[in-house]
Amino acid sequence: MADQSGSAPTLGAASVGSAGLVRQVLRSLPWVVAALFVLAALLAPVLAAYDPIDAVGGPMQPLFSQGHLLGTDGFGRDQASRILYGLRPMLIVSLGAVALALVLGGAYGLISGVHGGRVDWAMMRGVDILMSFPLILAAILVLAALGASLLNLTLAVAMSQLPIFARLARALAKGEAARDYVMAARAAGFTQAHIMLREVAPNLLRPLLVQATSVVALAALTAAALSYLGLGVRPPTPDLGYMVREGQELIFIAPEQTVLPGILIAVFALAVSFCGDQLADRETGGAGL
Amino acid sequence: MTGEILRRLAFLPVTLFVVATLVFLALRALPGSTVDMLASHFATTGLREQLIAQLGLDRSLWEQYLIYMGELIRFDLGRSFITGKDVTVMVWETLPVTIELAVASLLVMLVTGLGMGLAAAARPGSVLDGVLRFVAMTLFALPWFWFGILLILVFSLWLGWLPAFGRLPPTVNYEPITNLILIDSVLQGRPDLIGPWLTHLILPSLTVGLTTAGVLMRLARSGIIETSKLDFVRTARMKGVPGRRIYLRHILRNAALGILTVIGLQFGAMLGGSVIAEVVFGYPGIGRMMVDAVLTRDYAVAQGAALVLAVLYVLVNLATDLAYRWADPRLRRDHGP
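Residues numbered from 1 in each chain as written. Chains lettered and ligands numbered in written order. Predicted model: local features only at pLDDT ≥ 70, side-chain atom pairs only at ≥ 80, totals over all residues. Heavy atoms only, no water.

## What about the overall build of chain A?
Next, step 1: In terms of regular secondary structure, chain A is built from 11 helices and 0 strands.
Next, step 2: The secondary structure elements of chain A, listed N-terminal to C-terminal, are α-α-α-α-α-α-α-α-α-α-α.
Next, step 3: Relative to its 289 residues, chain A shows a buried fraction of 51%.
Next, step 4: Restricting to contacts in chain A with at least 6 residues of sequence separation, those with at least 24 account for 69%.
Next, step 5: Accessible surface, chain A as shown: approximately 12,300 Å² in total, 69% of it carbon and sulfur.
Next, step 6: Taken as two groups, the 17 positive and 17 negative side-chain charges of chain A have centres that lie 9 Å from each other. (Helix = DSSP H or I, 4+ residues; strand = E, 2+ residues; numbered from the N terminus. Buried < 20%, exposed > 50% of the residue type's maximum accessible area, 1.4 Å probe, protein only. Contact = heavy atoms within 4.5 Å. Areas by Shrake-Rupley, 256 points an atom, 1.4 Å probe, with all protein chains shown as cover. Lys, Arg positive; Asp, Glu negative; His and termini not counted. Charge placed at Lys NZ, Arg CZ, Asp CG, Glu CD.)

Rendered as structure tokens:
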């Protein structure tokens, strides 16, 4: 990583502050979009015209057909309703998994970085072992072991993100531990726990939260990918990732069935990424991630 | 430095041992057992018992574990429960395919990611910078599998330029030696293999390479911008060092450290991404083999594939870490106890 100590707030932020109304609207757009996704998922039972699991019309009706705005799938299920309900697993898994990974990984990295020495070495080899699997393979193994379900998908995605937070927190904590204020605290006789929690941790919180915002998108994408592979929520429960999979088989006759759910995954991931980016910008004064 | 390398290398067998154990545990703790899966294929009870005994599934977990480890030391990954094929052979057939895809994806990622990052960092805050950042964000936010399907839709179905499925057309007769087509085409004197191979490789490697390029672009950009704000750069400017020299010798050299780490970490994303791309494009690599094995609970195959991918990844991680230490003089001496 680049030296984080060089990222003190600078005048770079002015380039953002001088924005006009259009720019303000553009900046709030990702937050609005993300909020809309959450709202739509929460209100799915109200918004959806049909039950997402029952066959409610003839199969393979095209877009904009009578009573079925987005048509029906191969089983005659209403696509619009399925998409609305399909938002739910994506949101639950991505937000839940990131929260879990932030807390556990952050604590782990903090302990490792502040302790240093042999403890640090041993703890990081533990992370190495966890990281011996590419993220998505680790998640696949967890799902293979636990079985496919919403909770297990959340755990698998959280576990695949744990090393990101552990390594970042450790790197940051190690940098902080070498600084004068920590040395001063040590000299003043504060306990290790006090130094970790009261001195170092507050300085890690912001970068970790910024990291968290930017990995919500990754979590959503990982969850969707696992669902695509058939390792997520079990059908017939609607899920955007699996809808892309089902739609792929109909790509010759109705490409919209695979394109539309995918667009929604992409738009959500993009909106959340922009939110994360804005936070990172505020953090580093324009030069952020 | 040498001590650290030796320490890391000495730790390698430990990592591999733990990885092997985790893979074993993950897959033997499966809820739906292979036996039931097999039983649905071969319904007679007698045959079922025979299979259980043959596969060693009637032994205790400990015995199974010891047998598994013993076989592993002899590089024996067992046999597929479903096809009876030797897993080592299956790995040998599929791993080179994935390596080809990962390397091609890495090239796509490096060219687009670094290119965009350098261009954007040249004038931070400019229109070009804004556009490139937006592109990078979009690339990152694309679901890999869906992007692959879009590429199939556009380049295969609508334009008809590129094949949508597989690694080579079924009409091509190919007898693998190394199973790396570029090398085999030289060894066998078969330049005709390269064309079809490349056309099949383009869409999967674009899928993986472009979706991972966004992260590299952002980190390259921020690394360069952050570095150019540091004191030593200002000092160099004040000393009257020419701008180009500052950029190459001072800024890029320091920013390269961060970029190097990202590339190493991204290789993992690359292996993960190739799993997805292999499934989307029906590309016969080890990732697809693993996913199929997990779905059919063929755990000898899933175990073998996971283990091989993990070993590959551990080695790449180690190499990145050592390269990073070598490249950063401040880390050449370990600040340990």
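Alright, that's what it looks like, and here's the rest.
## A short note on the overall build of chain B
Next, step 1: A count of helices and strands for chain B gives 13 helices and 0 strands.
Next, step 2: Going residue by residue from the N terminus, the α and β elements of chain B occur as α-α-α-α-α-α-α-α-α-α-α-α-α.
Next, step 3: Each of the 337 residues in chain B was classed as buried or not, and the buried ones make up 50%.
Next, step 4: Total accessible area on chain B stands at roughly 16,000 Å², and carbon and sulfur atoms take up 68% of it.

## Here we look at the packing of helix H8 (residues 180–187) of chain A against helix H9 (residues 192–228) of chain A
Residue and element names in this part refer to chain A.
Next, step 1: In the contact formed by H8 and H9, the axes pass within 10 Å of each other and the chain directions differ by 160°. With respect to their mutual orientation, H8 and H9 come out roughly antiparallel. The chirality of how H8 crosses H9 is right-handed. Seen from H8, the contacting residues are Tyr181, Val182, Ala185 and Arg186; seen from H9, they are Gln192, Ile195, Glu199, Val200 and Asn203.
Next, step 2: In the contact of H8 with H9, the residues fall into 5 nonpolar, 2 polar and 2 charged. (Axes fitted to C-alpha atoms, helices over the stretch in contact; angles between N-to-C directions. Parallel < 35°, antiparallel > 145°, perpendicular 65-115°, else oblique. Left-handed = near helix turned anticlockwise from the far one by under 90°. Nonpolar A, V, L, I, M, F, W, Y, C, P; charged D, E, K, R; others polar.)

## Concerning the interface of chain B and chain A
Next, step 1: Residue-level contacts link 62 residues of chain B with 60 residues of chain A.
Next, step 2: Of the roughly 5,200 Å² buried where chain B meets chain A, counting both sides, 76% is carbon and sulfur surface.
Next, step 3: When the buried surface of chain B facing chain A is broken down by residue, Met137(B), Phe145(B) and Trp146(B) rank first, second and third, together holding 11% of it.
Next, step 4: Run the count over chain B and chain A and you get 2 salt bridges.
Next, step 5: Between Arg218(B) and Asp277(A) there is a salt bridge; the shortest N-O distance is 3.6 Å.
Next, step 6: The interface formed by chain B and chain A contains 4 residue pairs in polar contact (both at pLDDT 80 or more).
Next, step 7: Among the secondary structure elements, those contributing two or more residues to the side of chain B that touches chain A are helix H1 (2–28), helix H6 (127–141), helix H7 (144–158), helix H9 (194–228), helix H11 (243–280), helix H12 (286–296) and helix H13 (299–327) of chain B.
Next, step 8: No other element matches H1(B), which puts 11 residues into the side of chain B that touches chain A.
Next, step 9: Looking at the side of chain B that touches chain A residue by residue, the class counts come to 44 nonpolar, 9 polar and 9 charged. (Buried area = accessible area lost by both parts, 1.4 Å probe. Salt bridge = Lys/Arg side-chain N within 4 Å of Asp/Glu carboxyl O. Polar contact = N/O pair within 3.5 Å; in protein donor to acceptor, adjacent residues only side chain to side chain.)

## Points about helix H4 (residues 61–73) of chain B
Residue and element names in this part refer to chain B.
Next, step 1: If you check H4, its first and last C-alpha atoms are 18 Å apart, about what 13 residues at 1.5 Å a residue would give, namely 18 Å.
Next, step 2: All of the buried residues in H4 are Gln64, Tyr65, Tyr68, Met69 and Leu72. Looking straight down H4, one finds that the buried residues subtend no more than 130° of arc, so they occupy a single side. Summarising the geometry of H4, the exposed residues directed more than 90 degrees from the buried face are Trp62, Leu66 and Ile73.
Next, step 3: Downstream of H4 by a residue or two, phenylalanine 75 has a phi angle that is positive, lying close to 60°. (Expected span 1.5 Å × (residues − 1). Arc of directions from axis to C-beta.)

## Quick word on the nonpolar core
When a protein is soluble and globular, its nonpolar side chains tend to lie buried together.
Next, step 1: Of all hydrophobic cores here, the largest spans 152 residues; its most connected members are Ile140(A), Leu226(A), Leu229(A), Tyr68(B), Phe145(B) and Met290(B).
Next, step 2: Sorting elements by how many residues they give to this core places H9(A) first, with 18 residues.
Next, step 3: Shared between two domains, this core holds at least three residues of each, these being domain 1 (2–73) and domain 2 (87–335) of chain B.
Next, step 4: If we ignore the near neighbours within four places in the chain, the residues touching Phe145(B) are Leu221(A), Ala224(A), Ala225(A), Tyr228(A), Gly241(A), Val244(A), Ile265(A), Ile276(B) and Val280(B).
Next, step 5: Counting residues in hydrophobic clusters, the runner-up holds 9 residues, among them Ala121(B), Ala236(B), Ile246(B) and Ala255(B). (Core = buried A, V, L, I, M, F, W, Y, C linked by side-chain atoms within 4.5 Å. Domains from an automatic or database assignment.)

## A look at H9(A)
Residues and elements named next belong to chain A.
Next, step 1: With 37 residues, H9 ought to run about 54 Å at 1.5 Å a step, yet its terminal C-alpha atoms sit only 46 Å apart, falling short of that.
Next, step 2: In H9, a bend of some 55° at alanine 201 exceeds every other bend along the element, and proline 202, a proline, comes one to four places later.
Next, step 3: Just past H9, the residue glycine 230 takes up positive phi, approximately 90°. (Bend = angle between axes of the 7 residues up to and from the residue.)

## Examining a nonpolar patch on the surface
Residue and element names in this part refer to chain A.
Next, step 1: A surface patch of nonpolar side chains, amounting to about 740 Å² of accessible area, comprises Val32, Leu36, Val38, Leu39, Leu42, Leu43, Val46 and Leu47.
Next, step 2: Looking at the nonpolar patch, the elements that each hand over two or more residues are helix H2 (21–42) and helix H3 (44–47).
Next, step 3: Here the nonpolar patch takes 5 residues from H2, the largest share from any one element.
Next, step 4: Residue position: valine 38 is located in helix H2.
Next, step 5: A relative accessible area of 35% means that valine 38 is categorised as partly exposed. (Patch = residues over 30% accessible without salt bridge, like charges linked within 9 Å, V, L, I, M, F, W, Y side chains within 5 Å.)

## Focus on empty space enclosed by the protein
Next, step 1: If you walk through the whole model with that rule in mind, you get 2 cavities of 30 Å³ or more.
Next, step 2: Each pocket or cavity is described by its volume, and for the largest cavity that value is around 160 Å³.
Next, step 3: Residue lining of the largest cavity: 12 residues in total, with Asp128(A), Arg8(B), Val314(B), Asn317(B) and Leu318(B) positioned closest to the centre.
Next, step 4: Counting only elements with at least two residues in the lining of the largest cavity, the list comes to helix H5 (117–130) of chain A together with H1 and H13 of chain B. (1 Å grid on protein atoms, 1.4 Å probe; cavity = no way out; pocket = protein on both sides within 12 Å on 5 of 7 lines; lining within 4 Å. Points joined across faces, edges and corners; volume = space filled by probe spheres on them.)

## Quick word on the side chain of Thr98(B)
Next, step 1: Examined against the element boundaries, Thr98(B) turns out to sit in helix H5 (residues 87–122).
Next, step 2: Ignoring anything within four residues of it in the chain, the contact list for Thr98(B) reads Leu271(B), Ser274(B), Glu278(B), Gly285(B), Ile286(B) and Gly287(B).

## Details of the environment of Gly113(B)
Residue and element names in this part refer to chain B.
Next, step 1: As for its position among the elements, glycine 113 is in helix H5.
Next, step 2: Look at glycine 113 and you get buried, because its relative accessible area is 0%.
Next, step 3: For glycine 113 and glycine 209, which are 96 residues apart along the polypeptide, the C-alpha to C-alpha distance reads 8.9 Å.
Next, step 4: If near-sequence neighbours (up to four positions away) are discounted, glycine 113 is found in contact with Val108, Ala213, Leu216 and Met217.

## Quick look at the packing of aromatic side chains
Next, step 1: If you walk through the whole model with that rule in mind, you get 7 aromatic pairs over all chains.
Next, step 2: Seen in terms of ring centroids, Phe155(B) and Trp161(B) are 6.1 Å apart; in terms of plane orientation they differ by 45°. Their pairing is tilted.
Next, step 3: When its relative accessible area of 25% is taken as the criterion, Phe155(B) is described as partly exposed.
Next, step 4: Through successive ring pairs, a cluster of aromatic residues spans Phe24(B), Trp62(B), Tyr65(B) and Tyr68(B).
Next, step 5: When the ring centre of Tyr228(A) is taken as reference, the NZ or CZ atom of Arg245(A) above it lies at 5.1 Å. (Phe/Tyr/Trp six-rings, centres within 6.5 Å; stacked < 30°, edge-to-face > 60°. Lys NZ or Arg CZ within 6 Å of the ring centre and 35° of its normal.)

## Considerations on the confidence of the model for chain A
Next, step 1: Here chain A shows a mean pLDDT of 79. Residues at 70 or above account for 91%.
Next, step 2: Within chain A, the lowest mean pLDDT, 48, falls on helix H1 (residues 14–17) of chain A, and the highest, 88, falls on helix H4 (residues 79–115) of chain A. (pLDDT = per-residue confidence, 0-100.)

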